[in-house]
Structure formats: structure tokens, C-alpha cells
Amino acid sequence: MKTHVLFVLLVGGALAAPSTRSRPHRPIHPLTIVGGNNVTLGELPYQVNLQDISYGFPYHFCGGSIKSELWVVTAAHCVDDIDANNPDFIQAVAGEVDQVVNEASEQVIILSRIIIHENYDGFAIINDIALLKLSSSLTFNEFVQPLPLPPVDHNSQGDCVVSGWGSTTEGGDPSEILQKVTLPVWSDHDCGNAYPNEIEAGMFCAGVTDGGQDACGGDSGGPLACDDLPERYLAGIVSWGYGCGQPGFPGVYTKVSHYVDWINSHAV
């Protein structure tokens, strides 16, 4: 069964996965990729759709990236209210582009375990990274592939691609088709100026200065993939930001290169 396109409005006007806990004080983006384009089947084979199936139908709530046959990387705030040892109502869907049409490329696997960074702060959204262990292995093919990790503490540069199943306008309906948008990485200086006293070592910014293109809440946990190394790699995880595609306020991403050792030590 394909995903029913349904989302829940939470306190403060932020849209995210169903949850009984208070959301972080930093406003999580609405469920959108703004100013993007449709992804074609097999174009971004590392993208994962995370779905809650406790409602009797698959409910998209966040994205993720394939690390290996058994592990997916996502944002901690996507899964911080789920029992880490019993996540059997959450499934990861790889090889998917259209949430409504069966494309015969999908691989649907229930989670078996969640590992959230031990220093994750859900109020300040610090160390916003988690690993999801699958209950069975993915089969790699032209539609399902891992996204390599960067070197430790690598600073990404240039244009990168963020993707997700959010709506195409702020506050609009979610997209049935996986969307992508290309965004430039901001310098640490400019990122800090946009969010004074809020950017930590494990964060960085990407976005268009004039706004109009961005990733948002329903895209949380999804990949920002960069190409400034010989092969495309997972540079960032969609984490937080003010508004959606607002001028002067880029998206803030978990800096994956800051967590490479942590990922490799836990995803075993």
C-alpha cells in the first residue's frame, strides 16, 4: 500500500510527525521543499521515506539516508519520542519516488532499533542525529544505493541537493512526488550571522540568500548531498530553521562530517 498523504498540525503552527511531546523551541519548518523539482526514479537512490504505520496506513513523517544494507541516518528529532528498542510501527521505504503509485522499485522494511546521539538536546536541537537499524537488509540495485559519508570534519562547499516529500509552497499540501532543490552552502561566518548564538559545531547552513528555495519539516532527517568531493556524499541532515524559504534565513543542517566517528562506531 502506498502512503496516504496526511499530516497533523501541531502546537505553534509547526507541522511534523504525530507526537505527544513538546516540540523544540526553535521553529521546525513546515512540511515543504520550496522551489524544487520532481525527482525521477533512480535519480536519488539513497533517499528513504520514513513512515508510521500505527494508523492503519503508511504515514510519511520524515526522511532519511541509506548508510548501508542495515542502517539509515536521520535526524534525532524525527524519532525522539519513539521507543528505541520497539520501533516496530515505523517502516523505512527505499527506492520510492511517488508516494501514491506502486513503482515496483520500493523496498519496505520495519525498523528494529533506534540509536539517538547520547548528547542530543531536543530543546536546543543540538546533536540532531540518529541511526535506524532495519529488521532485514536492503538489496542494492539501480533504485536503492547508499550515500557515502564525508571525511571527518570536512567542510562542504558549493551547491548541494536536498530532497523530500514536503509540499511545494509554505503551508501547502505535501507532495506526492519526491522533490529536490539545489542550495549553496553558507560560510560559518554568514551562518552565524543569520542565527546569532545558535549555531553549534555540529551544524551548518545552506540556502538561497533571497529565499524562495528551502527544505522544511516534513523533509526533516532527509539528506543534503554535496558534490565537492570525487563522489557525492551525505553532507547534512535536514534539522531546523526559521520559516521556510525566508530571505536571510537559510536551513540549518546537522553537519555529518562532525559525526562520522560516532556513526561508524554505532552502525555495526
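The name an unreviewed UniProt entry gives the protein chain is Trypsin-1-like 9, with Homarus americanus as the organism. Taken verbatim from the UniProt record of the protein chain, the Subcellular location (unreviewed entry) comment is "Secreted".

> Requested: an account of the overall build of the protein chain, with residues and values cited.
A count of helices and strands for the protein chain gives three helices and 17 strands. For the protein chain, the exposed surface amounts to about 10500 Å²; the carbon and sulfur share of it is 50%.

> Account for the state of the cysteines, naming residues and giving values.
A complete count under the given rule lists three disulfides for this structure. Across the disulfide, Cys62 is cross-linked to Cys78 (sulfur-sulfur distance 2.1 Å). Its S-S torsion of about -85 degrees marks the bond between Cys62 and Cys78 as left-handed, since a negative value means left-handed. Taken as a pair, Cys62 in strand β6 (residues 59-66) and Cys78 in helix α1 (residues 76-79) lie far apart in primary sequence, 16 residues in all. The class for Cys62 is buried, based on a relative accessible area of 3%.

> Before we move on, could you go through empty space enclosed by the protein and cite the residues and values that matter?
Enumeration over the complete set of coordinates arrives at two cavities of 30 Å³ or more. Put simply, the largest cavity is a space of about 40 Å³. Along its surface, the largest cavity is lined by Val39, Thr40, Leu41, Gly42, Leu44, Pro45, Gln47, Gly95, Glu96, Val97, Phe143 and Leu178. Classifying every residue of the lining of the largest cavity by side-chain character gives seven nonpolar, four polar and one charged.

> Give me the pairing of β6: which residues, what numbers.
Looking along a regular strand, one sees side chains alternate from face to face of the sheet. With eight of eight residues buried, β6 is to be regarded as a mostly interior element. From the end of strand β5 (residues 47-52) to the start of β6, which pair antiparallel, there are six residues, and Gly56 there has a positive phi angle of about 95 degrees. When β6 meets strand β7 (residues 71-74), the two strands line up antiparallel, connected through two bridges. Opposite Ser65, over in β7, you have Val73 as the bridge partner.

Basis of the calculations
- Residues numbered from 1 in each chain as written.
- Predicted model: local features only at pLDDT ≥ 70, side-chain atom pairs only at ≥ 80, totals over all residues.
- Heavy atoms only, no water.
- UniProt positions renumbered as here; feature names shortened; annotations may be inferred.
- Helix = DSSP H or I, 4+ residues; strand = E, 2+ residues; numbered from the N terminus.
- Areas by Shrake-Rupley, 256 points an atom, 1.4 Å probe, with all protein chains shown as cover.
- Disulfide = S-S within 2.5 Å.
- Buried < 20%, exposed > 50% of the residue type's maximum accessible area, 1.4 Å probe, protein only.
- 1 Å grid on protein atoms, 1.4 Å probe; cavity = no way out; pocket = protein on both sides within 12 Å on 5 of 7 lines; lining within 4 Å.
- Points joined across faces, edges and corners; volume = space filled by probe spheres on them.
- Nonpolar A, V, L, I, M, F, W, Y, C, P; charged D, E, K, R; others polar.
- Pairing = 2+ DSSP bridges.

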